[in-house]
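Residues per chain, in single letters:
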Amino acid sequence: MAPLRTALFRSARRWIAALAVAVLVAALPGGAAVAADPGAANRLFVQAMQIIRQADNTLDMAEESRLLKDADKLLSEIVTKYPESDLAVQLVTNQFVGDFDFYEFRTRINALVCNEPLSSLCFLHRIGDMLPPVETPITAARWDWLSLAVAYDLLGDGGRAREIVAPFVSAVRRGNTAASSGQDLFVARALALMGQTQLALDITRRIDDCSTRIYNLVDIAKASIWRGDSGGLAGTLAEEAKQFANARGCAWELGLVAQALLRAGKEGPARTLFLNTVETQFSKFRETRGECCPPELAVAASELGDANLALGLLRTVQDENPWTVPVVLGRLSLRGESAVALAYAEQIQDTDVQGEALAELVEAAVRRDDKAGAQEVMKRLNALAEEHASRRPGLLAQRAKAERVLYADGRWRNSFQQALNAAERASNFVRRDVGAPLLAALVRIETGQPMLD
């Protein structure tokens with residue numbers, strides 16, 4: 001059946017590509033007659049095929065890489081110099097040229113980064129292979145693929161990043177995603193991390209939904225701080241989020257606004273807003289016995305409240321929002337509450353959440369200049385990782401994250417490679433879900449900053 005599926009797939013691609021060629025050629029002035037020097041394009045193509053054959057026949061990895069890149073330059077030259085030729089149209093539309101599959105060739109070119117298997121770009125390539133494919137037409141902005149775009153951008157491959165993010169941005173602009181109903185599902189925040197602040201704000205300010213609008217504004221402000229903003233944009237956006245929340249009655253998001261104000265250096269207003277919100281939320285809970293508190297309020301408490309309050313809020317939200325556990329414990333530890341944070345972490349039942357919490361405690365100890373404390377927590381994380389290594393790729397990635405901040409050498413790369421190996425051996429279900437956590441860990445390792453919430 002596999003050969004039949006392959007044949008059908010190739011046949012369908014040929015038909016679609018042929019239709020695309022007909023449409024493109026018809027759209028050109030004068031039709032096919034305007035093809036510019038098809039002989040020159042053909043000569044470049046023949047040269048490229050000859051070079052690819054040489055690459056196929058060499059046993060030297062470096063030579064193979066050099067030859068394939070030379071062939072890629074020639075094929076790119078066909079598209080840029082002779083865009084009206086049939087060959088250029090075939091390549092642009094990923095059409096087969098004889099038995100040559102340009103899409104497959106580009107995949108092979110992208111994989112060349114793994115000639116250095118411990119490089120971060122190789123790690124990204126392998127994670128990308130784990131992500132479920134994007135369904136077209138795009139109707140939902142996939143946060144796993146957008147995270148991949150952000151990671152490529154932060155690691156220096158802006159071209160690959162734009163290639164991934166562009167279709168999602170186009171879908172939002174056309175109103176083909178949930179943005180039309182109030183959510184952009186990470187597009188604006190991904191753009192902010194990639195330095196496209198104005199475009200991110202343009203998308204955000206068209207959204208009336210409390211949660212998405214405020215999350216976007218806060219995260220765009222956070223990204224501006226990471227990028228060294230000195231013009232006060234973070235403070236301006238924090239105030240904008242506060243005003244929007246007041247105007248629309250967005251009570252659930254006020255903990256998030258308090259965090260934004262604190263991050264922008266407005267500690268007084270942040271503390272006032274936080275205390276008022278805590279009092280209001282608890283009063284409402286006592287009256288209605290409904291849902292107590294938003295998870296963002298627990299995070300704000302880890303920075304603005306005492307340890308008992310922060311942990312009390314954490315207990316009420318952690319079952320539905322397990323991501324809050326490592327965040328709250330890490331921030332409490334950074335404030336000096338390391339003993340209580342570690343005791344809480346050791347009681348966590350979910351192994352992955354416990355591993356991430358321990359990794360946060362290692363970093364907090366390093367930042368407090370408590371090397372002995374960091375080493376002690378690292379021993380516990382190592383024991384946990386060794387116990388569950390074959391079944392928990394994300395746990396190995398958390399160990400790599402902790403190693404990055406604790407040790408000056410590159411041992412984290414071996415741990416991260418082990419995480420990828422474990423993920424690739426795992427079930428389809430595990431691979432589907434582990435890609436985004438691996439991306440978040442890698443971005444944290446390489447930049448020192450977490451992926452946006």
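Placed above this text is the structure.
The paragraphs below set out a description of the structure included in this document. Please read these numbers as outputs of a predicted model, since none were measured by experiment. Think of each chain on its own: its residues are numbered from 1, step by step along the sequence as written. Two thresholds apply to this predicted model, a pLDDT of at least 70 for residue-level local features and 80 or more for giving and counting side-chain atom pairs, whereas whole-chain, interface and lining totals are computed over all residues. Derived side-chain values reflect all non-hydrogen atoms in the structure, with water molecules and hydrogen atoms excluded from consideration.

Moving on, we get to the overall build of the protein chain. Numbering of helices and strands runs from the N terminus; a helix is a DSSP stretch of H or I covering at least four residues, while a strand is a stretch of E covering at least two. What the protein chain contains, in helices and strands, is 23 helices and 0 strands. The buried label goes to any residue with under 20% of its type's maximum accessible area, the exposed label to any with over 50%, and the partly exposed label to all in between, with areas taken from a 1.4 Å probe on protein chains only. The buried share of the protein chain, taken over its 453 residues, is 46%. Note on contacts: a residue pair is in contact if any heavy atoms of the two residues lie within 4.5 Å. Contacts spanning at least 24 positions in sequence make up 62% of the contacts within the protein chain whose residues lie at least 6 apart. The Shrake-Rupley method, run with a 1.4 Å probe, gives the accessible areas here. Residue values count only the displayed protein chains as cover. Of the roughly 21900 Å² of accessible surface on the protein chain, a fraction of 51% belongs to carbon and sulfur atoms.

With that settled, the discussion passes to the state of the cysteines. We call a pair of cysteine sulfur atoms a disulfide whenever their separation is within 2.5 Å. Evaluated as defined, the whole model comprises 2 disulfides. Note that cysteine 114 is cross-linked by a disulfide to cysteine 122, the S-S spacing being 2.1 Å. Around the S-S axis, the bridge from cysteine 114 to cysteine 122 shows a dihedral of about 100 degrees and counts as right-handed. With a relative accessible area of 25%, cysteine 114 lands in the partly exposed category.

Let us look at the packing of aromatic side chains. Classification of ring pairs rests on two measures: the distance between centres of Phe, Tyr or Trp rings, Trp counted by its six-membered ring, which must be within 6.5 Å, and the angle between planes, read as stacked under 30 degrees, edge-to-face over 60 and tilted in between. Under the counting rule described, the total for this entry stands at 7 aromatic pairs. With a centroid separation of 6.3 Å and 50 degrees between ring planes, the pair formed by phenylalanine 100 and phenylalanine 102 is classed as tilted. Across the pair, exposure class does not vary: phenylalanine 100 and phenylalanine 102 are buried alike. Judged by centre distance (6.4 Å) and plane angle (75 degrees), the rings of tryptophan 412 and phenylalanine 416 are edge-to-face. Highlighted residues: tryptophan 412 and phenylalanine 416, both in helix H22 (residues 411-425), separated by 4 residues, approximately one helical turn. Of the two residues, tryptophan 412 and phenylalanine 416, neither departs from the other in class, the shared state being buried. Ring pairs connect the aromatic residues Phe45, Phe100, Phe102 and Phe105, which therefore count as one cluster. Lying over the aromatic face of tyrosine 407, arginine 411 brings its terminal NZ or CZ to 3.7 Å of the ring centre. Criterion for a charge above a ring: Lys NZ or Arg CZ within 6 Å of the ring centre, and within 35 degrees of the ring normal.

Attention now moves to the packing of helix H7 (residues 143-154) against helix H23 (residues 428-447). At a closest axis distance of 10 Å, the pairing of H7 and H23 adopts a crossing angle of 20 degrees. The angle between H7 and H23 falls in the class roughly parallel. Relative to H23, the crossing made by H7 is left-handed. Residues Trp143, Asp144, Ser147, Leu148, Ala151 and Leu154 of H7 pack against Ala436, Leu439, Val443 and Thr447 of H23. Note that Gly is not counted as nonpolar here; it falls among the polar residues with everything else outside the nonpolar set of Ala, Val, Leu, Ile, Met, Phe, Trp, Tyr, Cys and Pro and the charged set of Asp, Glu, Lys and Arg. Looking at side-chain class alone, the contact of H7 with H23 contains 7 nonpolar, 2 polar and 1 charged residues. Working convention: axes come from line fits to C-alpha atoms, limited for helices to the stretch in contact. Angles between N-to-C directions cover 0 to 180 degrees. Any angle between 65 and 115 degrees counts as roughly perpendicular, while under 35 counts as roughly parallel, over 145 as roughly antiparallel, and the rest as oblique. Crossings are assigned a handedness: left-handed for a near helix turned anticlockwise from the far helix by less than a right angle, right-handed for a clockwise turn.

Contact geometry of helix H6 (residues 120-130) with H22 gives a least axis separation of 11 Å together with a crossing angle of 15 degrees. Viewed along their axes, H6 and H22 adopt a mutual orientation that is roughly parallel. The handedness of the crossing between H6 and H22 comes out as left-handed. Of H22, the residues touching H6 (which contributes Ser120, Phe123, Arg126, Ile127 and Met130) are Trp412, Arg413, Phe416, Gln417, Leu420, Asn421, Ala423 and Glu424. Considered class by class, the residues forming the contact of H6 with H22 number 7 nonpolar, 3 polar and 3 charged.

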